[in-house]
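Below, each chain spelled out in residue letters.
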Amino acid sequence: MRLAAALLALLPGLLLANPVVRLDTTAGPITIELYEDKAPQSVANFLQYVDSGFYNGTQFHRVISGFMIQGGGFDQSGQRKATRNPIQNEADNGLKNKRGTLAMARTSNPHSATAQFFVNLVDNRNLDFTGKNSRGWGYAVFGAVTDGMNVVDNIARERTTSQRLNGMMARDVPEVPILITKAYRLENDSTSAKQTNEEKDAQQP
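Rules of the game
- Counting starts from 1 at the beginning of each chain's written sequence and moves along it residue by residue.
- Per-residue local features of the predicted model are confined to residues with pLDDT of at least 70, and side-chain atom pairs are confined, for both listing and counting, to 80 or more; whole-chain, interface and lining totals are unaffected and use all residues.
- Hydrogens and water molecules were not included; the side-chain quantities draw on all heavy atoms of the structure.
- Following DSSP output, two strands are said to pair if at least two bridges run between them.
- A run of H or I in DSSP becomes a helix once it reaches four residues, and a run of E becomes a strand once it reaches two; helices and strands are each numbered from the N terminus.
- Fitting a line to C-alpha atoms yields each axis, with helices limited to the stretch in contact; the angle taken between N-to-C directions then spans 0 to 180 degrees.
- Any two residues whose heavy atoms approach within 4.5 Å are treated as being in contact.
- Note on aromatic pairs: the rings of Phe, Tyr and Trp (six-membered ring only in Trp) are paired at centre separations within 6.5 Å, and the planes decide the class, stacked below 30 degrees, edge-to-face beyond 60, tilted for the rest.
- Three exposure classes are used, based on accessible area relative to the maximum for each residue type with a 1.4 Å probe and protein chains only: buried under 20%, partly exposed in between, and exposed over 50%.
- Should a side-chain nitrogen of Lys or Arg be within 4 Å of a carboxyl oxygen of Asp or Glu, the pair is scored as a salt bridge.

**Comments concerning the sheet that holds strand β10 (residues 179-185)**
- Taken in spatial order, the eight strands line up as β1-β2-β7-β5-β6-β4-β3-β10 and close into a barrel, and their pairing is antiparallel. Pairs of neighbouring strands in the sheet enclose a mean axial angle of 35°, with direction left out of account.
- When strand β1 (residues 20-25) meets strand β2 (residues 28-34), the two strands line up antiparallel, connected through six bridges. For V20, the partnering residue across the bridge sits in β2 and is E33.
- Across the face of the sheet, helix α2 (residues 40-51) comes into contact with β1, β2, β5 (101-104), β6 (117-120), β7 (141-147) and β10 while running at roughly 115° to β10.
- Its contacts with the sheet place helix α3 (residues 149-156) against β1, β2, β3 (58-64), β4 (68-75), β6 and β7, and it is angled at close to 120° to β2.

If you want it as structure tokens, here you go:
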């Protein structure tokens, strides 16, 4: 009885655990914890792309040593993938662009993020939120690498060059494409557990 009570006491914490995603890449695996409580829109958006298989076969197309690695927008041939509508910038959530954090990439429009993301290689304070204006919005952090930062660092050391992406010349593209072969949720995150229970319920007569 005591054991059962102890397990029940732990259950709320387990159900509230942050989602965890694994990126299998040609350079090795990267595990990411997503901060659903701090960046709900960004996390929900990212997970939709993960669950749909969108990131499978995409490349890290922008790699700058001492800054960040960026991916999630172009396939292996350098063609831009069609995305869903942009999301609201959540960079005012208190999270900072510290080494190992995951943030949404965007254009000069603060609220233009879709599928592309980047991993900070260092503490990039210049990317943090400072105010709700065109210069101050910053880049929304929504997760962090929990395992595989060595893989991220190895990607950052890859030789880069200028190549065509979607028909236009782009700098800082790895000479040898570094691909996300598969992106998926790990089974121990709360959302996956919820989905599994829902599938079991649906199979009941």
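**Let's talk about the packing of aromatic side chains**
- Here the structure, examined in full by the defined rule, presents 10 aromatic pairs.
- Ring centres of F46 and Y55 lie 5.3 Å apart, and the angle between their planes is 40°; this geometry places the pair in the tilted category. With respect to class, F46 is no different from Y55; both count as buried.
- Note on Y49 and Y55: the rings are 5.9 Å apart at their centroids and 50° apart in plane angle, and the pair reads as tilted.

**Some details on the pattern of salt bridges**
- On inspection of all chains with the given rule, the structure shows four salt bridges.
- Residues E175 and R159 are paired through a salt bridge, measuring 4.0 Å at the closest nitrogen-oxygen approach. With E175 in the loop between β9 (168-174) and β10 and R159 in the loop between α3 and β8 (160-165), this pair connects stretches of sequence that are 16 residues apart.
- The class for E175 is partly exposed, based on a relative accessible area of 43%.
- Accessibility expressed as a relative area gives 60% for R159, which makes it exposed.

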